[in-house]
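Structural overview for review
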Amino acid sequence: MRHLNEGTLRRIYDEPLALTAADQAHYGSCDECKGRFEAIANDVRATGALLSLPSFETLPRVAFAALTSRMEAAERSRPVRWYERWVDRTSPRWRRATVPAVAVLVAGALLAGLTATGIAQTAARIFEPHSVTPISVAPSDFRGMTTPLDYGAVRWTPAPPTVQAVPDVGAATTLSGLPALMPATLPGGVSGPVSYGVIAHATGSLTFDAARLRASAAKQGVRVAPMPPTIDHTTLYVNAGPALVELWGGSASAGGQGQPPTLVIAQTRIPTAESTGASVKQLEDYLLSQPGVPPDLAAQIKAIKDPSTTLPIPIPPGLATTRTVDINGVKGLLIDAGVAAGVVWEKGNVIYAVGGQLTPDQVIALASSLR
């Protein structure tokens, strides 16, 4: 009796209805072929189990949330960073200057999300940015700088700027005086509802005081360069707000918790700073000469061709890359952090920013379609 070969028996497992009538009749009456079939079937099932893999599903929001959680945990284990002594996360307020180089840039790097208007007629405008440029700032450069120094009296009128959540687009537009911008289309993964936040107008001032600085340095045991007469008693004014922030997938309140937003659109009129005495050059030369200012940061600031019209954007080295892009005929700065991207540009005395858990191409497309 001719038995079924292995190929035919395997075909019974894969395609039982494809056998010929003669092969089916033989198989039905042959115990030997049935035994060989069971051995082949067991091998097939075992091999399939070894080769099977669970399905892979990308979860960008979960991955980004996990990354954010790890970054926050690492952040809590580090000493307080330099810029955190100037601006509090949940209730921004001007801190006493620890790193003097930041004072001259306070209207820019520290208040980049805020707007400005004119102030005292006796003050000369020393900062009004119409372009943006990246500067590499490593938090580790300031890790050992924990001694606060008092450079002078700080005041906010009427109060430090804070983010106020508003119920709808009408309230956001009315309170900020800025039109709420919307992209033509939203990429996959970004959807409503949209939350809105408004930063009210406030004026901040720092009046430099050589005597207060000397007393503070002596108390802390820190040696600082003497404050020149041209800077002593100079008042540096910063006008901030209003500004409008739109969030998808997050909360516009200052202390919002939960998932990070998938898309942020922010706009503000250009920030300005005005001085009653010292010029940008005098402030820059003095503050960058103070001990504790990283030489690389000082060199980058000095390399800015016109610091009075350029907004520095701090970029941690190794965490993001930057390049210049075109946004409807205007030069913008693209920041690519891998899991997220953003772009900042200035047009018509307004600074715009778009960013989120998006690719650089998506961010550029969104920014270019805002209406």
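Computed from a predicted structure; not experimentally measured. Per chain, the residues get numbers from 1 upward, laid out in the order the sequence is written. It should be noted that, the model being predicted, local features are given only for residues of pLDDT at least 70 and side-chain atom pairs only at 80 or more, the latter also being counted only at that level, while totals for whole chains, interfaces and linings use all residues. Note that water and hydrogens are dropped before the side-chain values are worked out from all heavy atoms of the structure.

1. Examining the pattern of salt bridges
Salt-bridge detection follows one rule: a side-chain nitrogen of Lys or Arg within 4 Å of a carboxyl oxygen of Asp or Glu. Taken as a whole and assessed by the stated rule, the structure comprises three salt bridges. Ionic pairing is found between Arg-10 and Asp-14, a salt bridge with its closest N-O pair at 2.8 Å. With Arg-10 and Asp-14 both in helix α1 (residues 6-14) and four residues apart, this pair spans about one turn of that helix. Partly exposed residues are those whose accessible area sits between 20% and 50% of the maximum for their type, while under 20% is buried and over 50% is exposed, using a 1.4 Å probe and protein chains only. Its relative accessible area of 43% is what places Asp-14 among the partly exposed residues. The partner of Asp-285 in a salt bridge is Lys-281, and the shortest N-O contact between them spans 2.6 Å. In this pair, Asp-285 and Lys-281 both sit in helix α7 (residues 280-288), four residues apart, roughly one turn of the helix. Lys-281 gets classed as exposed once you look at its relative accessible area, which sits at 51%. Numbering of helices and strands runs from the N terminus; a helix is a DSSP stretch of H or I covering at least four residues, while a strand is a stretch of E covering at least two.

2. So, the state of the cysteines
Put simply, a disulfide is two cysteine sulfurs that come within 2.5 Å. Inspection of every chain in the model, using the stated rule, returns zero disulfides. Free cysteine Cys-30: the closest other cysteine sulfur is in Cys-33, separated by 3.6 Å. Residue class for Cys-30 comes out buried when judged on its relative accessible area of 6%.

3. Describing α1
Within the sequence span of α1, burial applies to Thr-8, Leu-9 and Ile-12. Around the axis of α1, the buried residues are gathered within 100 degrees of arc, so they sit on the same side. Contacts between residues were defined by any pair of non-hydrogen atoms, one from each residue, lying within 4.5 Å. In this structure, the buried side of α1 is in contact with α2 (21-29) and α3 (31-51). The opening residue of α1 is Asn-5, an N-cap whose side-chain oxygen sits 3.2 Å from the backbone nitrogen of Gly-7. Each C-beta atom gives one direction from the helix axis, and the arc is the one those directions make. By the criterion applied in these results, polar contacts are pairs of N or O atoms within 3.5 Å in which, for protein atoms, one can donate a hydrogen and the other can accept it, and in which residues neighboring in sequence qualify only through two side-chain atoms.

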